[in-house]
Structure formats: structure tokens, C-alpha cells
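Observations on chain architecture
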Amino acid sequence: MSTLQVLMLLLALSVALHIGCAAAFTAWCAGTHPTKAVLVGASATGTACALYLTAVSAYH
């Protein structure tokens, strides 16, 4: 992998992690139990990662 590809992958993971944290925090503030809020955040992170990797594979 080139340096640019590694940096783009790290950027995608960072964005996915931020989306997951925002989803977990939003669910927690809405009154969800903390463990369920973490599950919501983890599923949002996984979905964002899957969408990014799908878009990259479709582009190439």
C-alpha cells in the first residue's frame, strides 16, 4: 500500500469512529442504558466503515 492509501484508510477509520461516538453519545443522552448506547455506537461505526469500503471497492 502506498502512503496515500494508508492515510486515506486512517482518515476513514477516524471518521467512522467519530460517527460511532456521536451516535453512542446521542443514544446515551436520549436515555438509553450505557451498554446499549455503546452497541448503537459500534453498529454506527461498522456501518460507516462498510459503506466507505463498499464505495472504494465500487470505485476501483
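A few points on the structure. Residue numbering note: each chain is counted from 1, following its sequence as written. Only residues with pLDDT of 70 or above have their local features reported here, since the model is predicted, and side-chain atom pairs are shown and tallied only from 80 upward, although totals for entire chains, interfaces and linings are computed over all residues. Hydrogens are left out, water is left out, and the side-chain values use all remaining heavy atoms of the structure.

Thoughts on the side chain of Thr 45
- By definition, any uninterrupted DSSP run of H or I lasting at least four residues is a helix, any uninterrupted run of E lasting at least two residues is a strand, and each is numbered from the N terminus. If you trace the backbone, Thr 45 turns up in helix α2 (residues 34–59).
- Pairing of N or O atoms within 3.5 Å defines a polar contact, subject to two protein rules: one partner must be a possible hydrogen donor and the other a possible acceptor, and residues neighboring in sequence count only if both atoms are side-chain atoms. A polar atom in the side chain of Thr 45 sits 2.9 Å from the backbone oxygen of Gly 41.
- By definition, residues are in contact when any of their heavy atoms lie within 4.5 Å. The contact partners of Thr 45, leaving out residues within four places of it in the chain, are Ala 16, Leu 17 and Gly 20.

Some words on the packing of aromatic side chains
- Only centres within 6.5 Å qualify two rings of Phe, Tyr or Trp (six-membered ring in Trp) as a pair; their planes then separate them into stacked at under 30 degrees, edge-to-face at over 60, and tilted for everything else. Here the structure, examined in full by the defined rule, presents one aromatic pair.
- With a centroid separation of 6.0 Å and an interplanar angle of 55 degrees, the aromatic rings of Phe 25 and Trp 28 are classed as tilted. Placement of both Phe 25 and Trp 28 in helix α1 (residues 3–29) is noted, with a separation of three residues, approximately one turn of the helix.
- Residue exposure (1.4 Å probe, protein chains only): buried if accessible area is under 20% of the type maximum, exposed if over 50%, otherwise partly exposed. Given a relative accessible area of 48%, Trp 28 falls into the partly exposed group.

Brief notes about α2
- Relative to the 38 Å expected for 26 residues at 1.5 Å per residue, α2 spans 37 Å between its end C-alpha atoms, a close match to the ideal helical length.
- All buried positions along α2 are accounted for by Ala 37, Gly 41, Ala 44, Thr 45 and Ala 48.
- Taken together, the buried residues of α2 touch α1. A helix is expected to span 1.5 Å for every residue after the first.

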